[in-house]
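Structure at a glance
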Amino acid sequence: MERNFAAELDTLKQQMNDMKGMLARVLPPQFDAEKLVQLANSQQDANFTAGQVEKMTGMHPDARISSLISDLEDHCGENGSTGRITYMGVFASGGRQSTWVKNDLNTDDLLPLIENRTAEKVLACVGNNDRLNMLLAILRKPRTVAELVSDCGYSSTGQVYHHLKPLLAADLVAEDLHRRGSYIIQPHRVQGLIMLLAAIADLIDSTYTHGQIE
């Protein structure tokens, strides 16, 4: 029988609140019963585990985000997963907008992307400076091949097609149906590119480390 961690935690918090009332009746006036209970609640939450993860309190000053993190932790306990993630965003450029929400994604479904070499293939497809510059140019606004030649510093259309072909094959780029001859980032791929850049920003963040990627 699976344990209902959320219900257990609610029961514990209720018991703490009951204790607050008892403390208020027996402690001298100079003691702050509310603070004592808050401290006890915080300690209880800090030591509470959900499956493989430990419940962490006060991760974000916004109560809505802290609540969302708590839900993800609880889902780890309910499903026995190594982790759960939620991400969302909005990006508008070149007269186009993408808004996305991915909620409660199981990290156990992400890790195999390395084992089956999918991650390697994706990174190899975009991990070329010419293709990245091309993706950036098209992300900012739809571009024709001629515009890509001039804006990205190529000397011929043949160079553009050489790098455009694998991006088209990977469904990252498509011809703009509203402007023939122009190319756009596939709407359902915009979030992936933005989140990839966000991941890179995390990987090079020197806030807690002093490493350098060469």
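Here the structure is a predicted model, which means the values were calculated and not measured.

Helix and strand counts for the protein come out as nine helices and seven strands. Pairs at least 24 residues apart make up 43% of the contacts formed inside the protein by residues separated by at least 6 positions. Accessible surface computed for the protein: about 14500 Å², of which carbon and sulfur atoms make up 56%.

What follows concerns helix α8 (residues 157-169). For α8, which comprises 13 residues, the first-to-last C-alpha distance of 18 Å matches the rise-based estimate of 18 Å (1.5 Å per residue) to within 8%. Those residues of α8 not exposed but buried are V160, H163, L164 and L167. Where α8 terminates, the next one or two residues include D171, which has phi positive at roughly 65°.

So, on to the packing of helix α6 (residues 129-140) against α8. One can describe the packing of α6 onto α8 by two numbers: an axis separation of 10 Å at closest approach and a directional angle of 80°. Taken together, α6 and α8 sit at an angle that is classed as roughly perpendicular. Contacts between α6 and α8 involve D130, R131, M134, L135 and I138 from the former and V160, H163, L164, P166 and L167 from the latter. Each residue belonging to the contact of α6 with α8 can be placed in one class, and the counts come to seven nonpolar, one polar and two charged.

Time to look at the confidence of the model for the protein. Across the protein, the average pLDDT comes to 85, with 81% of residues at 70 or higher. Element-level pLDDT for the protein is lowest in helix α2 (residues 33-46), with a mean of 52, against a maximum mean of 97 in helix α4 (residues 112-115).

About the cut-offs
Residues numbered from 1 in each chain as written. Predicted model: local features only at pLDDT ≥ 70, side-chain atom pairs only at ≥ 80, totals over all residues. Heavy atoms only, no water. Helix = DSSP H or I, 4+ residues; strand = E, 2+ residues; numbered from the N terminus. Contact = heavy atoms within 4.5 Å. Areas by Shrake-Rupley, 256 points an atom, 1.4 Å probe, with all protein chains shown as cover. Expected span 1.5 Å × (residues − 1). Buried < 20%, exposed > 50% of the residue type's maximum accessible area, 1.4 Å probe, protein only. Axes fitted to C-alpha atoms, helices over the stretch in contact; angles between N-to-C directions. Parallel < 35°, antiparallel > 145°, perpendicular 65-115°, else oblique. Nonpolar A, V, L, I, M, F, W, Y, C, P; charged D, E, K, R; others polar. pLDDT = per-residue confidence, 0-100.

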